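Observations on the model geometry
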Amino acid sequence: MSWEIVVGIETHAQLATRSKIFSGAATAFGAAPNTQASAVDIALPGVLPVLNGAAVECAIRFGIAVGGTINRRSVFARKNYFYPDLPKGYQISQYELPVVAGGSISLAVGDLQKIVRLTRAHLEEDAGKSLHEDFHGMTGIDLNRAGTPLLEIVSEPELRGAAEAVAYARAMHALVRWIGICDGNMQEGSFRCDANVSVRRAGDAALGTRCEIKNLNSFRFMEQAIAYEARRQIEILEGGGRIEQETRLFDPERNETRSMRSKEEAHDYRYFPDPDLLPLVLNEQDIDRIRSQMPELPEAMRERFMRDYELPKEMAQAITSSRETAEDFEAFWGHLLKLTANCDRIQGAQAANWVMMQIGAALNKSGLTITQVPISPLDRATLVSRIIDGTISHRAAGEVLGAMWSGEGTADAIIERRGLQQISDAGAIEQLVADVLAANPKSVGEFRAGKDKALNALVGQVMKASRGKANPAQVNALLRRKLLG
Amino acid sequence: MLNSTLSELAGALARGSISSVELTRLCLERIARLNGVLNAFITVDAERSLREARAADERRAAGRAGPLTGIPLAHKDIYCTRGMLTTCGSRMLANFVSPYDAHVVERFAAAGTVLLGKTNMDEFAMGSSNETSYFGPAKNPWDTAHVPGGSSGGSAAAVAARLAPAATGTDTGGSIRQPAAFTGVCGLKPTYGVVSRYGMIAFASSLDQGGPMARCAEDLALLMNAMAGHDARDSTSLERATEDYSRELSAPLAGLRIGLPREYFGAGIAPEVLARVREAIAWFEAHGARLVELDLPNSRLAVPVYYVIAPAEASSNLSRFDGVRYGHRARGYADLADMYCRTRAEGFGAEVKRRILIGTYVLSHGYYDAYYLQAQKVRRLIARDFAEAFERCDLIMGPTAPSTAFALGANRDDPVQRYLNDIFTIPAPLAGLPALSIPCGFDAAGLPVGLQLTGKHFAEARLLGAAHRYQQATDWHRRVPAATPL
Amino acid sequence: MPLSPDEIQRLARLARLAVSPEEGEAVRAQLNRVLNLIDEMRAVDTAGVEPMSHAVATAPGAGQRLRADAVTETDRHAEYQAVAPAVERGLYLVPKVIE
């Protein structure tokens, strides 16, 4: 019997605003407990919410990015429940009329692109934090996070299995960072996902009963949790059991999900429009202004790179994995085009690919991010241009790049100082070749007897004699001519 | 001096015939003498009052006095006052010293008024008799065996008994106007959004509106000039040009079209109330106003609609009282859920709990559409009735309440009977309209009768003007309550 | 339909109000009377009527005013916590939360 795993993801992206969604308190992470909890955030009697325009703008940016409908009128509603980290006893959220409806996101699943539709995205406030360390058997409540603006993004249940769910979460993570509405810091909880998981027999049209898994604060945990949960459900169903719709918590230490007992009690959130807040009405000018300020989106950029720069798909994909990488590449590429006006596109792409691989490896080793690379895009482009124009060999370029990374100067200065120029002067190479042929009669004999490999040894000798600076292609050609001529 | 209106007192302060300290002392002495009987104040801080009075006198001496500088007044205990107990009439907040000031409190402080204290009220403004107060009921100065009305009963009693020349109140379904009518004072519920709700402890957010209570319409206008105005901290506060609420005090009555809804003169109204109200209306007619009979067909639904919407909003607004960050917390409990349940069961009184339960019910799954959504739709019909009525008239008149002040304890166990008492005051807040109650005579027992004037949005000045003309010709508002002679 | 004793307990739990069975009966009787009063509006034909959730007299189509994204609040937790039932090291203390 084969089973299909159906997943829908709810993402809570903390919006990158300075102040909270309904108060003027700071949203900075890591402050001492309750020092960023204002009268509004701790819900003193009599205080009222006032909506932060920047949070609304973030939601609009998102709506534009996913091609969703930006509702010209949306409504804030109260979601009522008691919890110590929810000071008002209700969360201000959006219910019947969210700010964004529909839209979709494209993600790479293996070699294929998959379009996943979104149900909605709505604005809401975050809750505080419960700290369960020992306070004489009590729980401590820190309300610094209470009121932090969130965009809750809900996908349709169109993801099939853990790998797709993770691909979706990664694509969403990249997108919210790309459009600058969320810093994406998962350790600090800026980007959190809940997964709704159900299973059904292959071919069934109806969805199975779903369980919601909370606390998925890394992509790895998400993959493990969904895989575990699907297995659990399949085992129950195959054993003739029934799935209870419930909220479950992923326990990364035991690699399993377990029922959240405290949330078991029947939900009845008693949503109703918040009388303290008028409907959010958006006008065309504001939306147009925001649209005009949107950065080029990753998909469009990827296609442009493939079309205009003739970059291979994998490379375009890698470059557009984050906006920083893409911007860095655009700067580098711009300089390179200027420096090598007549260069061949394919050659350029190969050289660019080479430098990117080198930089990628160096980043991995150093733990730095793309914005911290100590070599400017111009310097990198100069280096690549020296490969293309034949000044240095790839091998020498590796050495130059290493020196540049450690701050020894520009590519040209390092090449000059270390004497790494390739010898392209035909006369000089001819002399070297003549010397090597004279000194290695055995290899010459072997080659002439049909042993092609013997040529490699001769090339190696010439390169050695040039201390690596001879242009290998030139050496190769010259040797053949002399030997066969 | 104590029987003077606020405008007269302002004149005396300006002339220097009395200082704010002297005036404040007079009020404090009277409070000390009569509050034991009236229970109008929950908190009085004489030292603070005198400190503010001295500051007001200094401000006057420095030539920086405004029209209200040095005037003593009282705030309903629903307004947060920094450094002072703010109880909302509840055990839940019996120990709550507010760390901040309400917008209205700030406004009056900036105007240089002197705070005499915080007045008694029905718990969380839920009630129309003051009997739901955790601190015991305030009494009606006309007959202390009767209620002063509510929820702003303490403010009404204080103004009526001349403990304070003016006080603030709040009105959700009649909480300013009904106690004003019961105690023979004047009270204005402004257009929704005119007075900031910031720092006014919420009962039903879409209905709550702060307003002034005083002896005459002219005083209400002065108070409104200080209270009203935009506040960025309240998203429902309106951004409008500054308005002088006194500007129509001398406007002529000739040609004024007074709407008389048939529904406001029907069965269930005490005959003497009806008689006094008709006499007042006749006066207006005699002085040039034109009477227009009209219908507010959906007004009979106002009480049922109100008792869906107000409890729904209240059930949510009062969720913050959970014993975690401020206020009462039960002593013994088994776990978190038990702490919540006991804290709230102990902290809230019976009426508040009743309304929380009703509100929880009408919002709960499966009932929302039939109750809450339906109530919001009928609310729209009620508002439309008014809009249509105001195409034919400039203001609407009728009784403020169907009876004069009832006896303490009457119908105590019959909430519905109590709710029906608000039948004439509930429609205006549902529609967000301004409405005013002024005294227009007495019944045979010597209890005051209130006349209600309702206007279209932002018609406060017009209502005050009409009321002022009437008060220039009558002296109901000058009468001193029998139980609290000067 | 009148509320049953079970429904009273369900509402009390939702609203976090302890209502003892003895109180429950009186509360139930009163609530049912209030619901009777409310029932009058349930029968009204409201087809096509837009619900009215605000009474704000703004121009038609006007909406929520927006605040500029600026930090305007300072740390006042000591003052706010002076009125709290139980605090320690800047945290509000509550009975243990079980997840």
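Residues numbered from 1 in each chain as written. Chains lettered and ligands numbered in written order. Predicted model: local features only at pLDDT ≥ 70, side-chain atom pairs only at ≥ 80, totals over all residues. Heavy atoms only, no water.

Let us look at the sheet that holds strand E10 (residues 138-142) of chain A. Spatially, 4 strands are ordered E9(A)-E10(A)-E2(C)-E1(C) in an open sheet, and the strand pairing comes out antiparallel. Strands at the two margins of the open sheet, each flanked by one partner only, are strand E9 (129-135) of chain A together with strand E1 (87-88) of chain C. One ladder, built from 2 bridges, connects E1 of chain C with strand E2 (residues 91-95) of chain C; its direction is antiparallel. Looking across to E2 of chain C, one finds that glutamate 88 of chain C is bridged to leucine 91 of chain C. (Pairing = 2+ DSSP bridges. Helix = DSSP H or I, 4+ residues; strand = E, 2+ residues; numbered from the N terminus.)

Let's shift gears to helix H7 (residues 217-227) of chain B. Counting buried positions along H7 of chain B gives 9 out of 11 residues, so the element sits mostly inside the fold. Within H7 of chain B the residues assigned to the buried category are Ala217, Asp219, Leu220, Ala221, Leu222, Leu223, Met224, Ala226 and Met227 of chain B. (Buried < 20%, exposed > 50% of the residue type's maximum accessible area, 1.4 Å probe, protein only.)

Our next topic: the confidence of the model for chain B. Counting all residues, the mean pLDDT for chain B is 96, and 100% of those residues have values of 70 or more. Among the scores for the predicted complex, ipTM is 0.97 and pTM is 0.91. (pLDDT = per-residue confidence, 0-100.)

Moving on, we come to the environment of serine 316 of chain B. In this fold, serine 316 of chain B is placed in helix H9 (residues 302-317). By relative accessible area, serine 316 of chain B is classed as buried at 1%. Between the C-alpha atom of serine 316 of chain B and that of glycine 432 of chain B, which follows or precedes it by 116 residues, the distance is 21 Å. With sequence-adjacent residues up to four places away left out, serine 316 of chain B is seen in contact with Arg78, Asn80, Lys88, Tyr90 and Phe272 of chain A. At 2.8 Å, the side chain of serine 316 of chain B forms a polar contact with the side chain of asparagine 80 of chain A. (Contact = heavy atoms within 4.5 Å. Polar contact = N/O pair within 3.5 Å; in protein donor to acceptor, adjacent residues only side chain to side chain.)

Residue placement: valine 459 of chain A occurs in helix H14 (residues 453-465). If we ignore the near neighbours within four places in the chain, the residues touching valine 459 of chain A are Val475, Asn476 and Leu479 of chain A.

With that out of the way, let us pick up the packing of aromatic side chains. Taken as a whole, this structure holds 34 aromatic pairs over all chains when the rule is applied. Ring geometry for phenylalanine 221 of chain A and phenylalanine 250 of chain A: centres 5.8 Å apart, planes at 50°, overall tilted. One end of the pair, phenylalanine 221 of chain A, is in helix H3 (residues 219-238); the other, phenylalanine 250 of chain A, is in strand E15 (residues 247-251), with 29 residues separating them in the sequence. For phenylalanine 250 of chain A, a relative accessible area of 2% puts it in the buried group. In this structure an aromatic cluster arises from ring pairing among Phe305, Tyr309, Phe329, Phe332 and Trp333 of chain A. Across from the ring centre of phenylalanine 458 of chain B, 3.7 Å away, lies the NZ or CZ of arginine 240 of chain B, which sits over that ring. (Phe/Tyr/Trp six-rings, centres within 6.5 Å; stacked < 30°, edge-to-face > 60°. Lys NZ or Arg CZ within 6 Å of the ring centre and 35° of its normal.)

On to helix H1 (residues 53-65) of chain A, then. Residue and element names in this part refer to chain A. When the terminal C-alpha atoms of H1 are compared, their 18 Å separation across 13 residues agrees well with the 18 Å that a helix rising 1.5 Å per residue should span. Across the 13 residues that make up H1, a large majority, 11, are buried. Among all positions of H1, only Gly53, Ala55, Val56, Cys58, Ala59, Ile60, Arg61, Phe62, Gly63, Ile64 and Ala65 are buried. Glycine 67 occupies a position one or two residues after H1 and carries a positive phi of about 65°. (Expected span 1.5 Å × (residues − 1).)

A few words on the domain arrangement of chain A. By domain assignment, chain A separates into domain 1 (3-289), domain 2 (296-418) and domain 3 (426-484). Using only C-alpha atoms to locate each centre, domain 1 of chain A and domain 3 of chain A end up separated by 67 Å. (Domains from an automatic or database assignment.)

Next up on the list: the environment of arginine 42 of chain C. Within the fold, arginine 42 of chain C resides in helix H2 (residues 21-42). The exposure class of arginine 42 of chain C is partly exposed, given its relative accessible area of 35%. For the pair arginine 42 of chain C and isoleucine 8 of chain C, spaced 34 residues apart in sequence, the C-alpha to C-alpha distance is 21 Å. Residues within four places of arginine 42 of chain C in sequence aside, it is in contact with Ala370, Tyr371 and Gln374 of chain B. Here the side chain of arginine 42 of chain C touches tyrosine 371 of chain B through a polar contact of 3.0 Å, side chain to side chain.

All names here are of chain A. Pairing is antiparallel in the open sheet, where 3 strands are placed in the order E5-E4-E17. Bordering the open sheet on either side are strand E5 (90-94) and strand E17 (272-273), each of which pairs with just one other strand. Bridging between strand E4 (residues 76-80) and E5 involves 5 bridges; their strand directions are antiparallel. Bridging across to E5, alanine 77 finds its partner in serine 93.

Every contact between the two is made by 55 residues of chain A and, on the other side, 38 residues of chain C. Interface area for chain A against chain C, summed over the two sides, is near 4000 Å², with a carbon-plus-sulfur share of 58%. Considering only the side of chain A, the residues that lose the most area to chain C are Phe82, Phe135 and Leu278 of chain A, jointly responsible for 14% of the buried surface there. Summed over the shared surface of chain A and chain C, the result is 1 salt bridge. Linking arginine 10 of chain C and aspartate 268 of chain A is a salt bridge whose minimum nitrogen-to-oxygen distance equals 3.6 Å. There are 22 residue pairs in polar contact (both at pLDDT 80 or more) connecting chain A and chain C. Mapped by element, the contributors of at least two residues to the side of chain A that touches chain C are H1, E9, E10 and strand E18 (280-281) of chain A. Residue classes in the side of chain A that touches chain C are distributed as 29 nonpolar, 15 polar and 11 charged. Note: E10 of chain A against E2 of chain C, 4 bridges, orientation antiparallel. The residue bridging isoleucine 141 of chain A from the neighbouring strand is tyrosine 92 of chain C, located in E2 of chain C. (Buried area = accessible area lost by both parts, 1.4 Å probe. Salt bridge = Lys/Arg side-chain N within 4 Å of Asp/Glu carboxyl O. Nonpolar A, V, L, I, M, F, W, Y, C, P; charged D, E, K, R; others polar.)

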